Amino acid sequence: MAALGWLTPRRRSATARSVLAGEASAEAARKSARPDAPPHAEPHTAPAPQQAPGTASGTGTAAAAAAEPEPEFPVPGDDLAAAFFDLDNTVMQGAAIFHFGRGLYKREFFRRRELARFAWQQAWFRLAGVEDPEHMQDARDSALSIVKGHKVSELMSIGEEIYDEYMAERIWPGTRALAQAHLDAGQKVWLVTAAPVETATIIARRLGLTGALGTVAESVDGVYTGRLVGEPLHGPAKAEAVRALAAAEDLDLARCAAYSDSHNDIPMLSLVGHPYAINPDTKLRKHARAHDWRLRDYRTGRKAVKVGVPAAAGVGAIAGGAAAAIALHRRRK
């Protein structure tokens, strides 16, 4: 009966652990950020959005738009503004941790016994669709035990290879164009994700972005200890990370933008003056419409409903991705 308890959604607020996770992530992000990030990302063939980044898709009328044109956004030269992009299903199709797990499993990083355990845990998590604290703690402890003792440099090197194998072709062109608009305006652009900070940093660098906020795991002398710093960067912890980074970077959150597909990121989206729902789930779409937030959907048809579930993959690979992702985070010193 205990498992039934986490079939009921719960609201989470910021805790001491989420604040710690956010602050650690902000510190790691600033240390790994590109000091002089170029204004242009890697070449790509995606056309620029037909509407200005500040214009809602499918809302308003042509007459109203002509009568009251919106001011240019992002504002060129506004160095008090920045943009924060969720990663999974916002910038990238699917989950980065899943793709990373596929790469690790391919390299025989996991034992069959460990894989079976994570397959069971992740199957329950995906069916429930919500997070039970005790269940998630067990999953985190199991995952961290796998990478304990491994070198950070080893997994960073593997991460570079996995990006080329599984992630490079899964970037949403529309979202990438939005990020590029902020870069072209001279603003910094950060990924914000529950994925490992190392993995997130690799993706940000490949896309020409400023840097990334991600989950941080402790390491000593370049080796993972098997402990997280705070908790995974999810929900309220993401908001705390953005808040901490904004304070350190002297940003005005009222002038910043944030983009996400998930209702779990409502705390982060609510922090900024320009929140965007990208490829939104049902709850976020409803919330965005109720609060007059911008909406963009780059999916089509039924794919929009199921895009977050990698149906072609086996449960073992899904488990491997979750295991690796939760664990591959370290403390930057």
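See the structure printed just above.
Residues numbered from 1 in each chain as written. Predicted model: local features only at pLDDT ≥ 70, side-chain atom pairs only at ≥ 80, totals over all residues. Heavy atoms only, no water.

A. A look at the sheet that holds strand β3 (residues 211–215). Pairing within the open sheet is parallel, and its six strands lie in the order β3-β2-β1-β6-β7-β8. What marks the edges here is a single partner per strand, and that holds for β3 and β8 (294–296). On average, adjacent strands in this sheet sit at an angle of 20° to one another, irrespective of strand direction. Together, β2 (188–196) and β3 form the strand contacts of helix α1 (residues 16–32), whose direction differs from that of β3 by roughly 150°. Packed on one face of the sheet, helix α8 (residues 197–206) meets β2 and β3 and runs near 145° to β2. (Pairing = 2+ DSSP bridges. Helix = DSSP H or I, 4+ residues; strand = E, 2+ residues; numbered from the N terminus. Axes fitted to C-alpha atoms, helices over the stretch in contact; angles between N-to-C directions. Contact = heavy atoms within 4.5 Å.)

B. Fine view of the packing of α1 against helix α9 (residues 236–249). With their axes 7 Å apart at the nearest point, α1 and α9 run at an angle of 45° to one another. As judged from the angle between their axes, α1 and α9 are oblique. Crossing hand, α1 versus α9: right-handed. Contacts between α1 and α9 pair Ser18, Val19, Ala21, Gly22, Glu23, Ser25, Ala26 and Arg30 from the former with Ala237, Glu240, Ala241, Ala244, Leu245, Ala248 and Glu249 from the latter. (Parallel < 35°, antiparallel > 145°, perpendicular 65-115°, else oblique. Left-handed = near helix turned anticlockwise from the far one by under 90°.)

C. Representation of the pattern of salt bridges within the structure. Enumeration over the complete set of coordinates arrives at 16 salt bridges. Among the salt bridges present, the one from Glu160 reaches Arg205, with a minimum N-O distance of 2.0 Å. Of the two residues, Glu160 sits in helix α6 (residues 152–167) while Arg205 sits in helix α8, which places them 45 residues apart along the sequence. A relative accessible area of 21% means that Glu160 is categorised as partly exposed. (Salt bridge = Lys/Arg side-chain N within 4 Å of Asp/Glu carboxyl O. Buried < 20%, exposed > 50% of the residue type's maximum accessible area, 1.4 Å probe, protein only.)

Take it as geometry only, folks, not as evidence of what the structure does.
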